[in-house]
Amino acid sequence: MTNLNVAGSPLTLLELPDDCLLHIFDFFDIYELLDIRQICQRFNELADRCRHKYENLDFKCYNEDEHISILKFLGPSLKVLNLHQYENLLDKVLEFCPNIEKLMIEYCQLTNWEIMRDIVKNVKYLSLINCEFTDNLGKCFGNASKLESLEILANEEITADFFHKIKGLKCLKVVECPCIGDKFAQILKNNSTLEELEISTYYEKSLIDVVKHVSALKKLKIGPNFEPKEQSLTCLSELHELESLKLVFAVVGNVFFDEINSLIDKLSTKNTIEELEILYEDKLNMTKLARLTNLKSLSLKEVENAELIKLQSLQKLEKLNLFCDNLTEISVFHLIKCLRNLKEVNCFCFDVSFKFVKDLIEMLKEKAENHSKLLMKVRFILDENLDISELQMVLTENRKILKLHYRCLNQFKVM
């Protein structure tokens, strides 16, 4: 039945009630919303009511000549903004975007710290990866009373002056950091709020001595290319609040084998670690590792098949990452069967057969009452005569208990 107006004629678009128009406008993209705003005052106001769904904006996805119009339109609703290399838009961000909480700036040469000072006053997360700046940028942090997370590219200009005004910093990530200067080290040592620290590409030996003084630290990641330079790793166990530890080593061989196993031994005594990632080119002591019974996430690079079953004591484990190319289907199958809380298994160098997939599904069905859906990633399904349609049908029928990411040999299919 056709809807008619009071004159008996079909309704025009302008005669539709606001609720109907808002429903229609909800299907429009940003460019279409910008266009309808130009039609009339009513459409302009209704389009403004639709911008609430755009809290996250990445300028890499939009035409450069529309950037200012988009900022002006979406600015009040934006909470997450990635400027990429558009430093020239900083003044517009300040003008139109008062509610930004997460700001990412890439590939810019930051020189106007006065604008940055006003922008970051409400920002909780600030990323300046691949940006050039000096200690002068630290002046902007006097206003950054809400800043909790900072991500920066390592820079010889970074000193304590850069950080001393950030009073509540909880998370710090320093990328491509070959060393830590004395002043930077001092600000870390004196920090009582820092809970997460990530330093990548690290070569200089004083790091561990610095980190052990960050008393509130809960999460620590060092690497890739971590070279401890003959220092004791065991002092990391002195971080009493530590819940997550990730060490990605650069060296090959057993140079730090004893140090790493001693660290695991110390950690198992406290048993507070919930997430552990040690990527090292040698096999660790699995007996000691198995005593970390509070682990929820574990990542390892080298494991013997006969040793893998020792991890069955980790009954709280929810996520397991194995970067091993020597695993067998039997060892992986039995470990999955033993770990009742496992939700995700990533075997990045592991090849399986279609039979393994079907056996795994049958085992998960038996555990279905007490087991949530399992996400698993493998490298290849190797059966050369595999019927892809049969595999996809099996996975589709059992998608409630297993989601498998895989590539078929010579087919490169992904589910």
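Predicted model only: the values in this text are computed from it and were never measured. (Residues numbered from 1 in each chain as written. Predicted model: local features only at pLDDT ≥ 70, side-chain atom pairs only at ≥ 80, totals over all residues. Heavy atoms only, no water.)

Participant: Is there a simple way to think about the pattern of salt bridges in this case?
Facilitator: What the rule picks out here adds up to 15 salt bridges. For Lys-173, the salt bridge identified is with Glu-198, shortest N-O distance 3.7 Å. Here Lys-173 is found in strand 6 (residues 171–175), whereas its partner Glu-198 is found in strand 7 (residues 196–199), with 25 residues between them in sequence. Between Lys-246 and Glu-275 there is a salt bridge, with its nearest N and O atoms 3.3 Å apart. Placement of the pair is Lys-246 in strand 9 (residues 244–252) and Glu-275 in strand 10 (residues 275–281), with a sequence separation of 29 residues. On the basis of relative accessibility, which here comes to 21%, the residue Lys-246 falls in the partly exposed class. In this structure Glu-275 comes out as partly exposed when scored by relative accessible area, which is 23%. Here the salt bridges share partners, and the residues they tie into one network are Asp-18, Arg-42 and Arg-49. (Salt bridge = Lys/Arg side-chain N within 4 Å of Asp/Glu carboxyl O. Helix = DSSP H or I, 4+ residues; strand = E, 2+ residues; numbered from the N terminus. Buried < 20%, exposed > 50% of the residue type's maximum accessible area, 1.4 Å probe, protein only.)

Participant: Just checking my understanding: could you explain the packing of helix 13 (residues 329–338) against helix 14 (residues 354–366) for this structure?
Facilitator: Each pair of packed helices gets described by two things: the angle between the helix axes and the distance between those axes. Contact pair helix 13 / helix 14: the axes reach a minimum separation of 11 Å and the direction vectors enclose 15 degrees. By the angle class used here, helix 13 and helix 14 are roughly parallel. Our pair here, helix 13 against helix 14, has a crossing hand that is right-handed. On the side of helix 13, the interface is formed by Glu-329, Val-332, Phe-333, Ile-336 and Lys-337, while helix 14 contributes Phe-356, Asp-359, Leu-360 and Met-363. Across the contact of helix 13 with helix 14, the residue classes break down as 6 nonpolar, no polar and 3 charged. (Axes fitted to C-alpha atoms, helices over the stretch in contact; angles between N-to-C directions. Parallel < 35°, antiparallel > 145°, perpendicular 65-115°, else oblique. Left-handed = near helix turned anticlockwise from the far one by under 90°. Contact = heavy atoms within 4.5 Å. Nonpolar A, V, L, I, M, F, W, Y, C, P; charged D, E, K, R; others polar.)

Participant: Where do I start with the side chain of Asn-82 in this structure?
Facilitator: One can find Asn-82 in strand 2 (residues 80–84). The exposure class of Asn-82 is buried, given its relative accessible area of 8%. A polar atom in the side chain of Asn-82 sits 3.1 Å from the side chain of Glu-106. (Polar contact = N/O pair within 3.5 Å; in protein donor to acceptor, adjacent residues only side chain to side chain.)

Participant: Looking at this structure, I do not really get the packing of helix 14 against helix 15 (residues 388–397). What am I missing?
Facilitator: Remark: helix 14 packs on helix 15, axes separated minimally by 11 Å, with the N-to-C direction vectors making an angle of 15 degrees. Relative to helix 15, the element helix 14 lies roughly parallel. Two packed elements cross with a definite hand, and for helix 14 against helix 15 that hand is left-handed. Taken together, the residues of helix 15 that come into contact with helix 14 (itself represented by Phe-354, Val-357 and Ile-361) are Glu-390, Leu-391, Val-394 and Leu-395. Here the contact of helix 14 with helix 15 is built from residues that sort into 6 nonpolar, no polar and 1 charged.

Participant: Please clarify how the nonpolar core should be interpreted in this entry.
Facilitator: Taken as a class, soluble globular proteins show a tendency for nonpolar side chains to be buried jointly. If you look at the biggest cluster of nonpolar residues, it comprises 129 residues, and the most contacted ones within it are Leu-81, Ile-105, Leu-126, Leu-220, Leu-298, Met-376 and Leu-402. The element that contributes the greatest number of residues to this core is helix 14, accounting for 7 residues. Dropping the residues within four chain positions of it, Leu-220 is found in contact with Leu-197, Val-211, Leu-236, Leu-239, Leu-242, Ser-244, Leu-245 and Lys-246. (Core = buried A, V, L, I, M, F, W, Y, C linked by side-chain atoms within 4.5 Å.)

Participant: Quick question: what am I supposed to make of the packing of aromatic side chains here?
Facilitator: Given two aromatic rings, one states the distance between the centres and the angle between the planes to describe the pair. Within this structure, the stated rule accounts for 6 aromatic pairs. Taking the centre distance of 5.5 Å and the plane angle of 35 degrees together, the rings of Phe-25 and Phe-28 count as tilted. Since its relative accessible area comes to 2%, Phe-25 is described here as buried. Accessibility expressed as a relative area gives 22% for Phe-28, which makes it partly exposed. Taken together, a centroid distance of 5.3 Å and an interplanar angle of 80 degrees make the contact between Phe-25 and Phe-43 edge-to-face. Taken together, the positions of Phe-25 in helix 1 (residues 18–25) and Phe-43 in helix 3 (residues 41–50) put the pair 18 residues apart, joining distant regions of the chain. (Phe/Tyr/Trp six-rings, centres within 6.5 Å; stacked < 30°, edge-to-face > 60°.)

Participant: Explain a positive patch on the surface here, please?
Facilitator: The grouping of Lys-319, Lys-373, Lys-377, Arg-399, Lys-400 and Lys-403 at the surface amounts to a positive patch. Counting through the fold element by element, Lys-377 comes out in strand 15 (residues 374–381). (Patch = residues over 30% accessible without salt bridge, like charges linked within 9 Å, V, L, I, M, F, W, Y side chains within 5 Å. Areas by Shrake-Rupley, 256 points an atom, 1.4 Å probe, with all protein chains shown as cover. Lys, Arg positive; Asp, Glu negative; His and termini not counted. Charge placed at Lys NZ, Arg CZ, Asp CG, Glu CD.)

Participant: It is not clear to me how the confidence of the model for the chain should be interpreted in this structure. Could you clarify?
Facilitator: Interpreting fine coordinate detail is not advised for predicted regions of low pLDDT. Confidence in the prediction for the chain averages 82 pLDDT; 84% of positions are at 70 or higher. Contacts of residues 410–415 to residues separated by more than four positions or lying in other chains number 16 contacts, the stretch itself having pLDDT below 50. (pLDDT = per-residue confidence, 0-100.)

Participant: Can you walk me through the side chain of Asn-346 in this structure?
Facilitator: Mapped onto the secondary structure, Asn-346 falls in strand 13 (residues 344–347). Leaving out residues up to four positions away in the same chain, Asn-346 has contacts with Lys-319, Leu-320, Asn-321, Leu-322 and Lys-377.

Participant: Would you explain helix 1 in this entry?
Facilitator: Note: α-helices contain 3.6 residues per turn, so residues at a spacing of three or four share the same orientation. Among all positions in helix 1, only Leu-21, Leu-22 and Phe-25 are buried. Seen end-on, helix 1 carries its buried residues on one side only, within an arc spanning 100 degrees. Every exposed residue of helix 1 that faces more than 90 degrees away from the buried side is listed here: Asp-19 and His-23. Looking at the buried side of helix 1, the elements it contacts are helix 2 (30–36) and helix 3. (Arc of directions from axis to C-beta.)

Participant: Please explain the environment of Asp-258 as it appears in this structure.
Facilitator: Turning to its location among the elements, Asp-258 is positioned in helix 10 (residues 257–270). We classify Asp-258 as exposed; its relative accessible area is 59%. On a C-alpha basis, the gap between Asp-258 and Asn-285 in space is 9.5 Å, while along the polypeptide they are 27 residues apart.

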